[in-house]
Amino acid sequence: MSKDYYFVVVGHNDQPLYEIEFPLLDAKKKREPDTRHLNQFIAHSALDIVDEHIIHNQQMYLKTVDKFNEWFVSAFVTAGRIRFLMLHTVKNDDGIKQFFQEMYETYIKHSMNPFYKMNTPIKSTNFDKKAELYGRKFLN
């Protein structure tokens with residue numbers, strides 16, 4: 001069974017701010033075009049469940065909140081109510097929690113940049129590099 005992950009940062013208006021898939025593929029290899037759309041659909045449909053968990057749970061890391069076919073959905077909610085969602089095909093609670101914590105720290109540093117406008121897509125090569133580093137470190 002392959003270990004597939006899809007990470008997305010979701011803003012206040014339910015818009016995706018950043019997304020990345022693991023394992024990272026070479027430029028020569030391409031995923032099926034429908035895969036990303038399906039992942040986006042699953043993540044978006046899980047937002048209501050995440051919002052319900054926020055009301056009843058004071059924890060930032062919500063573990064597995066939903067499941068669709070072979071995809072599990074784990075969530076992390078920042079203090080500013082930005083939602084991090086991880087779709088994954090294997091259980092890896094510890095690795096996902098550590099990934100979320102490192103990406104939260106990276107997100108905070110990025111959002112403190114005076115040139116970044118809150119709730120806008122994240123287009124930063126440094127953010128990409130950190131996501132790739134933490135993905136290789138915690139999601140394998």
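- The protein chain appears in an unreviewed UniProt entry as Trafficking protein particle complex subunit from Steinernema carpocapsae.
- In its Subcellular location (unreviewed entry) section, the UniProt record describing the protein chain reads: "Cytoplasm, Perinuclear region".
- Under Sequence similarities (unreviewed entry), UniProt gives the following word-for-word description of the protein chain: "Belongs to the TRAPP small subunits family. Sedlin subfamily."

### A closer look at the pairing of strand 4 (residues 71–77)
Here comes step 1: Here strand 4 lies mainly inside the structure; 7 of its 7 residues are buried.
Here comes step 2: Here strand 4 shows two buried faces, one formed by Trp71, Val73, Ala75 and Val77 and the other by Phe72, Ser74 and Phe76.
Here comes step 3: Bridge count for strand 3 (residues 61–68) against strand 4 is 6 bridges, and the pairing is antiparallel. Of the residues in strand 4, the one forming a bridge with Asp66 is Val73.
Here comes step 4: Here strand 3 hands over to strand 4 after 2 residues, with Asn69 in that stretch at a positive phi of 50°.
Here comes step 5: Pairing of strand 4 with strand 5 (residues 83–88) involves 6 bridges; the strand directions are antiparallel. Its bridge partner being in strand 5, Val77 is matched across the sheet by Arg83.
Here comes step 6: A loop of 5 residues connects strand 4 with strand 5, the two strands running antiparallel in sequence, and Arg81 in this loop sits at a positive phi of about 65°.

### Digging into the sheet that holds strand 5
Here comes step 1: One open sheet accounts for 5 strands, arranged 2-1-5-4-3; its pairing is antiparallel. The sheet terminates laterally at strand 2 (16–22) and strand 3, the two strands that pair on one side only. Adjacent strand axes in the sheet meet at a mean angle of 20°, parallel and antiparallel pairs treated alike.

### Some details on the pattern of salt bridges
Here comes step 1: If you walk through the whole model with that rule in mind, you get 5 salt bridges.
Here comes step 2: For Arg83, the salt bridge identified is with Asp14, shortest N-O distance 2.7 Å. With a gap of 69 residues between them, Arg83 in strand 5 and Asp14 in the loop between strand 1 (5–10) and strand 2 connect regions that are remote in the sequence.
Here comes step 3: A relative accessible area of 4% places Arg83 in the buried class.
Here comes step 4: A salt bridge links Arg36 to Glu21; its shortest N-O distance comes to 3.2 Å. Here Arg36, found in helix 1 (residues 33–56), pairs with Glu21, found in strand 2; they are 15 residues apart in sequence, far enough to count as distant.
Here comes step 5: Residue classification places Glu21 among the buried residues on the basis of a relative accessible area of 13%.
Here comes step 6: Through salt bridges with shared partners, one network takes in Asp14, Asp51 and Arg83.

### Things to note about a positive patch on the surface
Here comes step 1: Where like charges cluster on the molecular surface, the positive patch consists of Lys63, Lys67, Lys91 and Lys97.
Here comes step 2: With respect to the helices and strands, Lys97 occurs in helix 2 (residues 93–111).

### Details of the environment of Lys137
Here comes step 1: Looking at the secondary structure, you find Lys137 in helix 3 (residues 125–138).
Here comes step 2: With 42 residues separating them along the chain, Lys137 and Gly95 place their C-alpha atoms 8.5 Å apart.

How each quantity is defined
- Residues numbered from 1 in each chain as written.
- Predicted model: local features only at pLDDT ≥ 70, side-chain atom pairs only at ≥ 80, totals over all residues.
- Heavy atoms only, no water.
- UniProt positions renumbered as here; feature names shortened; annotations may be inferred.
- Buried < 20%, exposed > 50% of the residue type's maximum accessible area, 1.4 Å probe, protein only.
- Helix = DSSP H or I, 4+ residues; strand = E, 2+ residues; numbered from the N terminus.
- Pairing = 2+ DSSP bridges.
- Axes fitted to C-alpha atoms, helices over the stretch in contact; angles between N-to-C directions.
- Salt bridge = Lys/Arg side-chain N within 4 Å of Asp/Glu carboxyl O.
- Patch = residues over 30% accessible without salt bridge, like charges linked within 9 Å, V, L, I, M, F, W, Y side chains within 5 Å.
- Areas by Shrake-Rupley, 256 points an atom, 1.4 Å probe, with all protein chains shown as cover.
- Lys, Arg positive; Asp, Glu negative; His and termini not counted.
- Charge placed at Lys NZ, Arg CZ, Asp CG, Glu CD.

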